[in-house]
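# Structure at a glance
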Amino acid sequence: QVQLVESGGGLVQAGGSLRLSCAASGSIFKIYEMGWYRQAPGKQRELVAVITSGGSTKDADSVKGRFTISRDSAKDTVYLQMNSLKPEDTAVFYCNAVVSVGFKVNIYWGQGTQVTVSS
């Protein structure tokens, strides 16, 4: 099994910054991709940013220029640096990983971390 443990959420004023971390552990053979999704109240879960094992990234249009995803492959950890936060960024942020475990490729989710941006 693979576990994803997130940290770094909290309450911040508009214009502020937060850094989320997500560490993967367990029976990992290879991590193909790690990323962040978010779900605001009453809305569907949406992609925020992902990064592949090769370092390629993809960001949602709503966070371009404000959020930066990065990865420490040696630590199986992904980070999300969030700057210029807006009240509309308020959501539960979930870490996601596409992981090879033995001969299978599975998708794993973290438990979620709350990010609240006050106006």
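Refer to the structure above for everything that follows.
Residues numbered from 1 in each chain as written. Predicted model: local features only at pLDDT ≥ 70, side-chain atom pairs only at ≥ 80, totals over all residues. Heavy atoms only, no water.

## Details of the packing of aromatic side chains
- What the rule picks out here adds up to one aromatic pair.
- When the centroid spacing of 5.1 Å and the interplanar angle of 70° are considered together, the rings of Tyr37 and Trp109 count as edge-to-face. You can see Tyr37 sitting in strand E4 (residues 30-39) and its partner Trp109 sitting in strand E10 (residues 104-109), a full 72 residues away along the chain.
- Taking the relative accessible area as the measure of exposure, Trp109 reaches 37% and is therefore partly exposed.
- Above the plane of the ring of Tyr79 lies Arg19, whose end atom (NZ or CZ) is 4.1 Å from the centre.
- The positively charged end of Arg45 is found above the aromatic ring belonging to Trp109, 4.6 Å away from the centroid. (Phe/Tyr/Trp six-rings, centres within 6.5 Å; stacked < 30°, edge-to-face > 60°. Helix = DSSP H or I, 4+ residues; strand = E, 2+ residues; numbered from the N terminus. Buried < 20%, exposed > 50% of the residue type's maximum accessible area, 1.4 Å probe, protein only. Lys NZ or Arg CZ within 6 Å of the ring centre and 35° of its normal.)

## Points about the sheet that holds strand E8 (residues 77-82)
- The four strands are arranged E1-E3-E8-E7 in an open sheet whose pairing can be described as antiparallel. Edge positions in the sheet fall to strand E1 (2-7) and strand E7 (67-72), since each has one partner strand and no second. Neighbour to neighbour, the strand axes of the sheet diverge by 15° on average, direction disregarded.
- Examined bridge by bridge, strand E3 (residues 18-26) and E8 share six bridges and lie antiparallel to one another. From the neighbouring strand, Ser21 faces E8, where its bridge partner is Tyr79. (Pairing = 2+ DSSP bridges. Axes fitted to C-alpha atoms, helices over the stretch in contact; angles between N-to-C directions.)

## A few points about the side chain of Arg71
- Its location among the elements puts Arg71 in strand E7.
- Of the side chains with opposite charge, Asp76 lies nearest to the buried Arg71, which makes no salt bridge, at 5.5 Å.
- A polar contact of 2.9 Å, which involves the side chain of Arg71, links it to the backbone oxygen of Ile31.
- Those residues in contact with Arg71 that lie beyond four places of it in its chain are Ile31, Tyr32, Glu33, Met34, Ile51, Thr52, Ser53, Thr77 and Val78. (Lys, Arg positive; Asp, Glu negative; His and termini not counted. Salt bridge = Lys/Arg side-chain N within 4 Å of Asp/Glu carboxyl O. Polar contact = N/O pair within 3.5 Å; in protein donor to acceptor, adjacent residues only side chain to side chain. Contact = heavy atoms within 4.5 Å.)

## Quick look at the state of the cysteines
- Here the structure, examined in full by the defined rule, presents one disulfide.
- Sulfur-sulfur distance for the disulfide between Cys22 and Cys95 comes to 2.0 Å. In this structure the cystine formed by Cys22 and Cys95 twists about its S-S bond by roughly -85°; its chirality is therefore left-handed. Taken together, the residues Cys22 in strand E3 and Cys95 in strand E9 (residues 91-101) connect sequence positions 73 residues apart. (Disulfide = S-S within 2.5 Å.)

## Some details on unusual backbone geometry
- One non-glycine residue with positive phi stands out, namely Asp76, at about 50°.
- For Asp76, the location among the structural elements is in the loop between E7 and E8.
- Asp76 gets classed as partly exposed once you look at its relative accessible area, which sits at 24%.
- Of note in the backbone geometry, Ser84 takes a positive phi value of approximately 50° without being a glycine.
- Its place among the elements puts Ser84 in the loop between E8 and E9.

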